[in-house]
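# Examining the three-dimensional arrangement
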Amino acid sequence: MPIVVVVGGQWGDEGKGRIVDLLARKARVVARYSAGNNAGHTIVNDRGEFKLHVVPAGIFYPEKTCVIGNGVAVDPEVLLGEIESLESKGIDTSKLVLSDRANIIMPWHRELDRLDELARGDKAIGTTGKGVGPCFVDKVARRGIRVADLLRMEDLRPRIESTLAYQNKVITAVYGGEPINLEGCCQAYFEFGKRLAPYIGDVSTIIFEANRRGEHVLLEGAQGSLLDLDHGTYPYVTSSVPSSSSSGAGLGVGVGPTDISRVVGVFKSYCTRVGNGPFPTELFDDVANQLRDHGKEYGRGEYGTTTGRPRRIGWLDAVAARYSVRFNGLSALALTRLDVLDSLASIKICTGYELDGKIIDTVPSRESVLERVVPIYEELPGWRTDTTEVRNFDDLPPQAQAFIRRVEELLECPVDLISVGPSREQAVIVNPIF
Ligand code: GDP
Ligand code: IMO
Ligand code: MG
């Protein structure tokens, strides 16, 4: 039975939460596999509007098991706050499972994130400041604190002691910052551990068993593939693996690549990016403002779910998107926010880059080169019709159908799902994913 990965195809905020909320109806287990609370996933359904940072978007179905995988960097205070907030709105979180192997975001991670960004000056990455990058650095350096360590002070104290001794030296000597108090850290994180204890479990086994029983499993990605540590616009990337490459999704929950049967890439009908770094199709004109502020009166404009920063806006970049389709091994596309284009007279898609007088159709690896490419556009007529009530492909305006068909052609991947609004039912299912 399928394990399906839902992965962001661009620079994040493509609507992954919204798509997972829709697809979760047919799944038994929904698992987050990477990143941390740098992610912000918006879900609008019959229970209201929610912004999730750590908890998987399947949580609104009380009978589903929702899992936070070993690949996630967990800030316990944020997770506990999210659980409390969901419970206060009547959402049952009793079926949530947190991997005992996940790494913990500690106070020094948030401080190092802040200090490192300051030190980079005008070369700052533009991180979300949640400490996610430094947490993954400690993980790879084999000095991270893991969920299981929180449960016994005998395990926790020596780990915090040795890592904090090192990181306090970095904070004070390298950055001139203030050291973090050991005792306060030990007590606070031990308390978090006590409160998280009922949720802690063995995630890999849960997914393995569900798969063996023939039940559907959804793996929910965070961020977007162009922020991928390996394949993204390095160094303006995140510190984990948002893509579904076998080192991403499977690794983040403990299943092998042969168990993953489909990978669905979520793409906006245009592009956005928050934070710094190259963005070839970026727009600075009225169209950008119009797209950014679409739905702003309802708090639904293009402003960061986690940080509130205005998102940078651009036309759909088919060169970057095709690259993303390739390295993710995508089987299908979910195209979101089609309705946001409803009022435009014409729509552009970038089909190639011009670099030093030559046309290229690949994404250069060096950010200084990607900064210099000039997008080559194809212009399609807009449809100037409200699509938010459409539920069948054939009922879409012909120009919208042509736009979608062209996206399929350029990306060499079928569009199986089209989203025409933020609510669960505002979708056109072309081919059922489960
Ligand atoms: P994620 O991080 O990929 O889950 O995406 P975010 O939640 O950060 O940003 C996506 C935004 O678009 C959210 O405000 C969603 O409610 C909204 N959204 C998702 N799909 C659609 C759609 O088809 N149309 C409109 N208008 N909004 C959508
Ligand atoms: P979701 O899951 C959009 C971006 C940051 C910054 C870079 C590094 O909601 O799509 P980090 O804090 O990860 O070290 O920042 O990555 N970034 C995101 N952009 N959506 C996200 O998550 C993001 N998570 C991180 O803006 O450019
Ligand atoms: Mg988001």
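Residues numbered from 1 in each chain as written. Chains lettered and ligands numbered in written order. Predicted model: local features only at pLDDT ≥ 70, side-chain atom pairs only at ≥ 80, totals over all residues. Heavy atoms only, no water.

## A word on the site of ligand 1
Close contacts around ligand 1 come from 18 residues, with Lys16, Thr42, Arg337, Asp339 and Ser419 the closest. Contact with the protein chains removes 96% of the 580 Å² of surface that ligand 1 exposes when unbound. When atom positions are compared with the pocket grids, ligand 1 is found to occupy the second largest pocket. Of all the secondary-structure elements, those providing two or more residues to the shell around ligand 1 are α1 (16-23) and β3 (41-45). A total of three residues in the shell around ligand 1 trace back to one element, the largest contributor, which is α1. Classifying every residue of the shell around ligand 1 by side-chain character gives three nonpolar, eight polar and seven charged. (Near = heavy atom within 4 Å. Areas by Shrake-Rupley, 256 points an atom, 1.4 Å probe, with all protein chains shown as cover. 1 Å grid on protein atoms, 1.4 Å probe; cavity = no way out; pocket = protein on both sides within 12 Å on 5 of 7 lines; lining within 4 Å. Sits in = over half its atoms within 2 Å of the grid points. Helix = DSSP H or I, 4+ residues; strand = E, 2+ residues; numbered from the N terminus. Nonpolar A, V, L, I, M, F, W, Y, C, P; charged D, E, K, R; others polar.)

## So, the coordination of the magnesium ion (ligand 3)
Six octahedral donors at a metal ideally form angles of 90 or 180 degrees, and four tetrahedral donors ideally form angles of 109.5 degrees. Protein coordination of the magnesium ion (ligand 3) is provided by Asp13 (OD) and Gly40 (O), with donor distances spanning 2.0 to 2.2 Å. With a gap of 27 residues between them, Asp13 in the loop between β1 (3-8) and α1 and Gly40 in the loop between β2 (29-32) and β3 connect regions that are remote in the sequence. Residue classification places Gly40 among the buried positions, given a relative accessible area of 9%. (Donors = N, O, S within 2.8 Å, 3.2 Å for Na, K, Ca; no water. Buried < 20%, exposed > 50% of the residue type's maximum accessible area, 1.4 Å probe, protein only.)

## Description of empty space enclosed by the protein
Following the criterion strictly, the structure yields one cavity of 30 Å³ or more and no others. A volume near 30 Å³ is recorded for the largest cavity. Considering the residues around the largest cavity, the lining is formed by Ile59, Tyr61, Pro62, Lys64, Cys66, Asp92, Thr93, Lys95 and Leu96. Grouping the constituent residues of the lining of the largest cavity by class yields five nonpolar, one polar and three charged. (Points joined across faces, edges and corners; volume = space filled by probe spheres on them.)

## Description of a negative patch on the surface
The grouping of Asp46, Asp386, Glu389 and Glu425 at the surface amounts to a negative patch. Relative to the assigned elements, Asp46 resides in the loop between β3 and β4 (48-52). Note on Asp46: relative accessible area 66%, which makes it exposed. (Patch = residues over 30% accessible without salt bridge, like charges linked within 9 Å, V, L, I, M, F, W, Y side chains within 5 Å. Salt bridge = Lys/Arg side-chain N within 4 Å of Asp/Glu carboxyl O. Lys, Arg positive; Asp, Glu negative; His and termini not counted. Charge placed at Lys NZ, Arg CZ, Asp CG, Glu CD.)

## Some remarks on the pairing of strand β16 (residues 346-355)
Relative to β16, strand β14 (residues 316-317) is paired through two bridges, and the arrangement is parallel. By the bridge assignment for β16, Leu316 is matched with Ile349. Across eight bridges, β16 lies against strand β18 (residues 374-381) in antiparallel orientation. Bridge pairing links Ile347 to Leu380 in β18. In terms of strand pairing, β16 meets strand β17 (residues 358-360) through three bridges, oriented antiparallel. Across the sheet, Tyr353 pairs through a bridge with Ile360, a residue of β17. The turn linking β16 back onto β17 is made up of two residues, and Asp356 within it adopts a positive phi angle of 50°. (Pairing = 2+ DSSP bridges.)

## Quick notes on the layout of surface pockets
Empty space within the largest pocket amounts to approximately 910 Å³. Every residue lining the largest pocket is counted, 46 residues in all, and those nearest its centre are Ile125, Thr127, Val237, Thr238 and Ser239. At the level of secondary structure, the elements contributing two or more residues to the lining of the largest pocket comprise α3 (107-120), α4 (132-140) and α5 (153-174). Grouping the constituent residues of the lining of the largest pocket by class yields 17 nonpolar, 19 polar and 10 charged.

## Examining the site of ligand 2
Neighbouring residues of ligand 2: 20 residues in total, closest Lys16, His41, Thr128, Gln223 and Thr238. For ligand 2, the accessible surface in isolation is 550 Å², of which the surrounding protein chains cover 98%. When atoms are counted within 2 Å of each cavity's grid points, the one that captures over half of ligand 2 is the largest pocket. A per-class count over the shell around ligand 2 returns seven nonpolar, 10 polar and three charged. Summarising the domain contributions, the shell around ligand 2 has at least three residues from each of domain 1 (3-90 + 202-429) and domain 2 (103-198). (Domains from an automatic or database assignment.)

## Considerations on the side chain of Gln167
One can find Gln167 in helix α5. Apart from residues lying up to four places away in sequence, Gln167 is in contact with Trp108, Leu112, Asp138 and Arg143. (Contact = heavy atoms within 4.5 Å.)

## Looking at the domain arrangement of the protein chain
When the domains of the protein chain are assigned, the result is domain 1 (3-90 + 202-429) and domain 2 (103-198). Across the boundary between the two partners, domain 1 contributes 25 residues, which contact 20 residues of domain 2. When domain 1 packs against domain 2, close to 1900 Å² is buried across both sides, 61% of that on carbon and sulfur atoms. Run the count over domain 1 and domain 2 and you get two salt bridges. With a closest N to O distance of 2.7 Å, Asp75 and Arg110 form a salt bridge. At the surface where domain 1 touches domain 2, the tally comes to seven residue pairs in polar contact (both at pLDDT 80 or more). Where the side of domain 1 that touches domain 2 is concerned, the elements lending two or more residues are β6 (73-74) and α2 (76-88). Among the elements that line the side of domain 1 that touches domain 2, the one with the most residues is α2, at five residues. Here the side of domain 1 that touches domain 2 is built from residues that sort into 10 nonpolar, 11 polar and four charged. (Buried area = accessible area lost by both parts, 1.4 Å probe. Polar contact = N/O pair within 3.5 Å; in protein donor to acceptor, adjacent residues only side chain to side chain.)

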